[in-house]
Amino acid sequence: VRNCDSAITSDTCATGGNRGVDIEVAYNTVEDNGYRTGVDPNGSASLNINGFKNARIHHNTLRRNTVSGGSISSLKNTESWIHDNDIRTTYSANGIDGAGIYVDRYTDSTLVFGNYIEDCALADDVHSEGSGVALFRATNNKVFGNIIRDCRMGLFWGNHHGGQLFREQRHRRMPEQH
């Protein structure tokens, strides 16, 4: 998918009512997509998965996407996995966000692991902008085993609604020079 506003979007549950179940988003390549500054900043992501139980988001390749939220955004999903994605060069659409993976509003019991995230947006704000993985108002999620390079912040966790967060990241080692 190239040069679209939002490549893949599914909003089955805007109000938190009945959730869709069991979606798999895998083996997609999304490049050069996203809203530009001045356009509605509330719905732009390369892969925007909303309102599912048991979502599986894996083995996707995302390059040079302009987003609000993250290249992969999860909203109101439960018991989901976001893993083994390759995300490089994420730009911020509106001066905020611009994360590689954005776990937002009421996402619960989701695992984020084994992702490679590089070169996130470097917005001016000092909070979550440009994070490899950002979690907002999300509960009981686990983030582990990701490689995050050249982002403003590896992991941001804010507006916590209870529960716990497990944080363990692998840092890429530079090759030894002889």
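Residues numbered from 1 in each chain as written. Predicted model: local features only at pLDDT ≥ 70, side-chain atom pairs only at ≥ 80, totals over all residues. Heavy atoms only, no water.

### Here's the deal with the overall build of the protein
Then, in step 1: Of the regular secondary structure elements, the protein holds zero helices and 18 strands.
Then, in step 2: Relative to its full complement of 178 residues, the protein shows a buried share of 49%.
Then, in step 3: Relative to all contacts within the protein whose residues are 6 or more apart in sequence, the contacts with residues 24 or more apart total 73%.
Then, in step 4: Within the structure as shown, the protein displays about 8700 Å² of accessible surface, and the carbon and sulfur contribution to it stands at 46%. (Helix = DSSP H or I, 4+ residues; strand = E, 2+ residues; numbered from the N terminus. Buried < 20%, exposed > 50% of the residue type's maximum accessible area, 1.4 Å probe, protein only. Contact = heavy atoms within 4.5 Å. Areas by Shrake-Rupley, 256 points an atom, 1.4 Å probe, with all protein chains shown as cover.)

### Concerning the confidence of the model for the protein
Then, in step 1: For the protein, mean pLDDT is 74; residues scoring 70 or higher make up 64% of the total.
Then, in step 2: When mean pLDDT is compared element by element in the protein, strand β10 (residues 81-83) scores highest at 97, while strand β1 (residues 8-11) scores lowest at 44.
Then, in step 3: Within the model, the stretch residues 36-43 combines pLDDT values under 50 with 11 contacts to residues more than four positions away or in other chains.
Then, in step 4: In this model residues 171-178 is a low-confidence stretch, pLDDT under 50, and it forms three contacts with partners more than four residues away in sequence or in other chains. (pLDDT = per-residue confidence, 0-100.)

### Concerning the side chain of asparagine 48
Then, in step 1: With respect to the helices, strands and loops of the structure, asparagine 48 is situated in strand β5 (residues 47-50).
Then, in step 2: In terms of polar contacts, asparagine 48 uses its side chain to reach the side chain of asparagine 50, at 3.4 Å. (Polar contact = N/O pair within 3.5 Å; in protein donor to acceptor, adjacent residues only side chain to side chain.)

### A closer look at the packing of aromatic side chains
Then, in step 1: What the rule picks out here adds up to four aromatic pairs.
Then, in step 2: On the basis of an interplanar angle of 75 degrees and a centroid distance of 6.0 Å, the ring pair of tryptophan 81 and phenylalanine 113 is categorised as edge-to-face. Of this pair, tryptophan 81 sits in strand β10 while phenylalanine 113 sits in strand β13 (residues 111-113); the two residues are 32 residues apart in sequence, bridging distant segments of the chain.
Then, in step 3: Pairing phenylalanine 113 with phenylalanine 144 gives two aromatic rings, centres 5.3 Å apart and planes at 5 degrees, and the pair type is stacked. Here the residue phenylalanine 113 occupies a position in strand β13, and phenylalanine 144 occupies one in strand β16 (residues 142-149), the gap between them amounting to 31 residues.
Then, in step 4: Assessed through its relative accessible area of 26%, phenylalanine 144 is described here as partly exposed.
Then, in step 5: Through a chain of ring-to-ring contacts, the aromatic side chains of Trp81, Phe113 and Phe144 assemble into a single cluster. (Phe/Tyr/Trp six-rings, centres within 6.5 Å; stacked < 30°, edge-to-face > 60°.)

### With respect to the nonpolar core
Then, in step 1: The biggest cluster of nonpolar side chains holds 23 residues, and the ones touching the most others in it are Ile72, Ile101, Ile117 and Val133.
Then, in step 2: If you list the elements that add at least two residues to this core, you get β5, β12 (99-104), β14 (116-120), β15 (131-136) and β16.
Then, in step 3: When sequence neighbours within four positions are dropped, the list of residues in contact with isoleucine 117 reads Ile87, Gly100, Ile101, Gly132, Val133, Ile147, Ile148, Arg149 and Cys151.
Then, in step 4: Counting five residues, the second-largest nonpolar core is a separate cluster that includes Tyr102, Ala134, Phe136 and Phe156. (Core = buried A, V, L, I, M, F, W, Y, C linked by side-chain atoms within 4.5 Å.)

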